[in-house]
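Descriptive analysis of the structure
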Amino acid sequence: MELELTRVDYLDAGVIIPNCVKLLPGEVARCQQKVSLNSPRRHRQVQRYPLQLIIADQEGVIQLISSKKDEIQVHFKTLPGPKVASVQLGGAAGTPADKMFVAMENKVHGFSKKGKMFLSFDTNLTENIKSMFVSGPDLLVCGNHVYNHYKDCKDVGTYLCGDTIVDVVALCPNNSNRIITILACSGRVLRILEHCRVRQTIELNSVPTIMHIPKGLGDKVICGFSDGKVILYKIGHFSLEVTEEVLVEDSEHASAISCLNTFDLTGDGKEELILGRRDGVLQIFSMKSDDNEIDLESHQLFIENYNESISSVQGGYFAANGYAEVVVCTYTGRIFGLTTQCVARSISDNQNAGTMNFPNDTNLRIAKLRSEIAELESKVSREREKYQQSTQAMSSGLSAIPMLNVNDSMVLCREDASYDLSIEIPASIEYILLQSDVPLELLDVEKNTAVVSFSECNPLSGNCLLATYRCQLNTNRVDLKIRTIEGQHGTLQAYITPALQPKCSQLREYAIKPLSLHIRTHKIDETRPYSSLTLRGAFSLSEMHSWISHCVPEIPEKLSSGDSCELVFENVLIGSVLRCEYKKGEAEFKSDNISTISIIKDVLTREITKKRIKLEISTDMNPNCISHILGLVEPILVRHMKMSRDYKLLQALLELDIRGDEDLAVLCKEWQEIYKNQKEITLNVGKDRVLVGRFHGFLTDLFIDWNKFRGTNVKSKLQQFLHLLENYNHDTVLLFFGVKSDSV
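Residues numbered from 1 in each chain as written. Predicted model: local features only at pLDDT ≥ 70, side-chain atom pairs only at ≥ 80, totals over all residues. Heavy atoms only, no water.

Moving on, we come to the overall build of the protein. On a plain count of helices and strands, the protein comes out with nine helices and 47 strands. If you take every contact in the protein between residues at least 6 apart in sequence, the share linking residues at least 24 apart comes to 56%. (Helix = DSSP H or I, 4+ residues; strand = E, 2+ residues; numbered from the N terminus. Contact = heavy atoms within 4.5 Å.)

In structure tokens form, the structure reads like this:
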């Protein structure tokens with residue numbers, strides 16, 4: 001079964017980030033009793049009110065709207081102010097959550113549905129509020145690293161987190177006064193707190209982006225991740241034991257989850273899962289509820305790409321009474337609904353006059369829209385003339401436009417070991433200029449319609465990449481794919497030029513770390529052979545933490561409490577592991593990849609030398625690491641050799657005059673299979689050639705680094721080594737490394 005949803009556009013607001021649009025609970029009713037003269041029986045009359053939607057944008061404008069007779073009515077609207085970070089709904093226990101709480105800077109304001117501000121609470125946080133959650137009298141607010149719990153506006157407790165806090169929710173088991181807080185952290189963990197103390201830590205395989213508590217459930221939370229997965233976590237009441245279940249794992253749509261919600265759209269008593277992704281894809285999956293258990297069925301009910309980052313999805317009844325819909329808000333402030341009501345327009349053609357006749361109310365709406373458009377055009381014309389006169393007159397003022405809000409992200413993709421760079425602004429993009437001082441490879445993206453052109457660069461002058469993406473009309477989002485090389489680090493600069501007057505450009509910088517293909521992990525295989533690097537000197541724990549952050553991505557900004565720190569990373573290209581253990585005056589790095597040890601040694605010694613700190617360095621290179629790394633990449637190399645051989649045979653077979661099965665039966669079974677799978681072989685051999693090229697470069701660096709630790713210069717042997725890799729044999733390559741197979 002698939003949902004048939006019709007799009008209805010409502011309005012355009014300012015730039016909106018996640019958790020800033022909420023649909024107030026519906027079916028607010030007043031019951032009146034009527035007494036009929038003919039019958040003594042009393043009748044109950046129910047008066048229903050239209051549902052309302054609260055919207056808060058980055059200009060600080062807060063507005064409450066509803067839809068009546070296909071027109072948007074604004075109940076209240078505030079003046080511009082500080083940027084809004086979060087909007088949550090709350091209310092007293094046992095009453096509808098119709099009170100609106102808005103977080104701006106380090107303050108929380110409460111509004112009623114009539115626009116009256118009944119609360120203005122200063123949290124006194126040193127950081128601006130980034131996420132918030134309201135549950136009855138409990139107010140939970142989080143900055144980047146600080147979590148505060150308030151009860152009736154009184155401080156209950158504080159927790160300082162080393163990782164960046166992404167989102168916060170609270171569970172109330174059995175609708176009791178007990179509060180269990182869940183913090184989603186950028187360090188790939190969920191922290192479960194009670195009384196502001198960590199009771200449980202859930203280790204994750206990806207970075208969480210958003211959390212949601214299904215309606216009526218006090219022990220479950222749904223979490224979306226940066227790799228596109230959605231997982232349901234069930235938390236025990238007493239022991240806080242955690243069980244998880246993967247709800248969505250869509251390999252075709254791996255963009256980050258920016259918002260999610262649950263609502264019964266079909267009216268069958270089972271809630272559907274509504275997902276909004278950063279690349280503009282909206283998906284609805286069916287869910288079933290059985291004995292208060294949530295499980296995802298195998299199919300999706302709806303999918304559509306709106307080409308803009310989706311900031312919010314809210315399921316409910318908004319425009320049409322009795323028809324469920326999904327209210328969608330994009331990053332640029334476009335708000336529309338996907339309704340289950342079949343919206344049809346009755347249009348009768350007048351063939352004689354060649355015109356279309358609309359109902360009277362529609363004609364009035366069209367006339368009103370035309371007058372509004374004409375008024376806006378005249379206003380724009382007057383402002384443009386006023387601006388032109390001010391620029392021509394003698395004035396000390398400067399021509400300037402406000403800074404545009406840029407919604408960008410650069411995420412490492414595990415599947416192909418490349419970075420996904422997305423750039424979005426609330427205006428049309430004319431072109432984007434990319435400049436880098438390190439070698440980068442730009443890959444083709446199917447959904448990217450921009451035209452790219454490259455300019456000649458001089459690497460000796462620190463300019464290794466210069467590319468321009470010229471966008472088509474009305475394009476406000478560009479997705480790029482970038483491939484990096486470990487060991488080379490620098491900065492990627494993106495100059496974003498919108499199609500605005502006067503001409504301007506905004507600069508965004510992205511750091512390319514030396515170990516750019518490493519991600520955080522929580523498990524380490526002790527059975528692997530490891531090489532080690534030990535540094536000793538007069539440095540502090542925080543200094544070493546800062547130096548490591550220049551080398552490896554996904555390093556927390558602040559240190560966790562304690563005298564030492566341990567971090568584990570994984571290389572997404574080959575699967576090697578890096579373990580960092582450091583404390584005041586000493587740091588030890590272990591890895592099964594010798595090139596990783598070499599890169600860390602070069603970067604850290606250079607940083608420490610700048611501080612003029614006396615340093616003691618010791619290394620222990622394990623020769624077993626060579627065979628271990630060759631074993632990791634060997635399946636890819638062997639597969640490519642076989643595929644290259646099959647591709648050459650296929651080219652020879654295609655020259656034969658094979659007209660049918662009789663001619664094909666003359667060939668041996670192996671050649672028959674090659675001929676039948678010609679499309680698959682042709683497609684995969686190109687992909688494998690690129691991947692094998694990266695592995696050849698990696699093994700070449702490994703060969704150089706291994707001999708560098710041994711004090712040998714092997715530049716004259718590189719051509720011979722590359723020839724061995726083309727005709728790969730494990731024992732031959734291992735012997736060329738100078739490692740005997742019997743020592744492994």
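Further remarks concern the sheet that holds strand E41 (residues 506–512). The strand order across the open sheet built from five strands is E37-E38-E35-E40-E41, with neighbouring strands paired in antiparallel fashion. Both outer strands of the open sheet, strand E37 (451–454) and E41, are each paired with one neighbouring strand and no more. When the angles between neighbouring strand axes are averaged without regard to direction, this sheet yields 20°. Note: strand E40 (residues 490–498) against E41, seven bridges, orientation antiparallel. Directly across from Ala494, in E41, lies its bridge partner Arg508. (Pairing = 2+ DSSP bridges. Axes fitted to C-alpha atoms, helices over the stretch in contact; angles between N-to-C directions.)

For the rest of this paragraph, the subject is the pairing of strand E7 (residues 71–77). With six bridges joining them, strand E6 (residues 62–68) and E7 adopt antiparallel strand pairing. Bridge assignment links Leu64 to a residue of E7, and that residue is Phe76. Here E6 folds back onto E7 in antiparallel fashion, the turn holding two residues, of which Lys69 has a positive phi close to 55°.

Pairing is antiparallel across the open sheet formed by four strands, whose spatial order is E33-E34-E39-E36. The sheet is open, and its two borders are formed by strand E33 (407–413) and strand E36 (441–443), each paired with just one other strand. On average, each strand axis in the sheet is inclined to that of its neighbour by 25°, with strand direction left out of account.

Let us look at the packing of helix H2 (residues 541–549) against helix H3 (residues 594–610). Interhelical geometry of H2 versus H3 gives an angle of 130° and a closest axis separation of 10 Å. On the basis of their axis angle, the class for H2 and H3 is oblique. Here H2 and H3 pass one another in a crossing that is right-handed. Listed contacts from H3 to Met544, Trp547 and Ile548 of H2 are Leu604, Glu607 and Ile608. In terms of residue class, the contact of H2 with H3 is built from five nonpolar, no polar and one charged. (Parallel < 35°, antiparallel > 145°, perpendicular 65-115°, else oblique. Left-handed = near helix turned anticlockwise from the far one by under 90°. Nonpolar A, V, L, I, M, F, W, Y, C, P; charged D, E, K, R; others polar.)

Moving on: the pairing of strand E21 (residues 220–225). Within E21, six of the six residues are buried, leaving the element largely enclosed by the surrounding structure. Neither face of E21 is exposed, since Lys220, Ile222 and Gly224 on one face and Val221, Cys223 and Phe225 on the opposite face are all buried. Sheet topology note: the strand E20 (residues 208–212)/E21 ladder contains four bridges and is antiparallel. Each bridged residue has a counterpart across the sheet, and for Pro208 the counterpart in E21 is Phe225. The pairing of E21 with strand E22 (residues 230–235) spans five bridges and is classified as antiparallel. By the bridge assignment for E22, Gly224 is matched with Val230. A loop of four residues connects E21 with E22, the two strands running antiparallel in sequence, and Gly228 in this loop sits at a positive phi of about 90°. (Buried < 20%, exposed > 50% of the residue type's maximum accessible area, 1.4 Å probe, protein only.)

On to the environment of Cys580, then. With respect to the element layout, Cys580 can be found in strand E45 (residues 577–583). When neighbours within four sequence positions are excluded, Cys580 is seen to be in contact with Cys565, Glu566, Leu567, Phe569, Glu588 and Phe589.

This paragraph deals with the pattern of salt bridges. Tallied over the entire structure, the rule returns 28 salt bridges. Among the salt bridges present, the one from Glu566 reaches Arg579, with a minimum N-O distance of 2.8 Å. Pair noted here: Glu566 is in strand E44 (residues 564–571) and Arg579 is in strand E45, with a separation of 13 residues, a long-range link. The exposure class assigned to Arg579 is buried, which follows from its relative accessible area of 16%. Salt bridges sharing common partners tie together Glu526, Glu566, Arg579 and Glu581. (Salt bridge = Lys/Arg side-chain N within 4 Å of Asp/Glu carboxyl O.)

For the structure shown, the criterion picks out 12 aromatic pairs. Between Phe101 and Phe118 the ring centres are 5.9 Å apart and the planes differ by 85°, which places this aromatic pair in the edge-to-face class. Placement of the pair is Phe101 in strand E9 (residues 99–104) and Phe118 in strand E11 (residues 117–122), with a sequence separation of 17 residues. Note on Phe118: relative accessible area 39%, which makes it partly exposed. Pairwise contacts between aromatic rings join Phe703, Phe721, Phe736 and Phe737 into one cluster. The ring of Phe336 has Arg7 lying over it, and the distance from NZ or CZ to the ring centre is 3.9 Å. (Phe/Tyr/Trp six-rings, centres within 6.5 Å; stacked < 30°, edge-to-face > 60°. Lys NZ or Arg CZ within 6 Å of the ring centre and 35° of its normal.)

Before going further, it helps to examine the nonpolar core. Counting 86 residues, the largest nonpolar core has Met544, Tyr582, Phe589, Ile626, Leu699 and Phe737 as its most contacted members. Excluding residues that lie within four positions of it along the chain, Ile626 makes contacts with Ile594, Leu702, Trp706, Leu734, Phe737 and Val739. In this structure, Val168, Leu183, Ile213 and Phe225 belong to the second largest nonpolar core, which totals 34 residues. (Core = buried A, V, L, I, M, F, W, Y, C linked by side-chain atoms within 4.5 Å.)

To continue, consider the side chain of Asp57. Residue placement: Asp57 occurs in the loop between strand E5 (52–56) and E6. Here the side chain of Asp57 touches Glu59 through a polar contact of 3.0 Å, landing on its backbone nitrogen. Here Val61 takes part through its backbone nitrogen, which lies 3.0 Å from a polar atom of the side chain of Asp57. Setting aside its immediate chain neighbours within four residues, Asp57 contacts Gly14, Val15, Ile16 and Val84. (Polar contact = N/O pair within 3.5 Å; in protein donor to acceptor, adjacent residues only side chain to side chain.)

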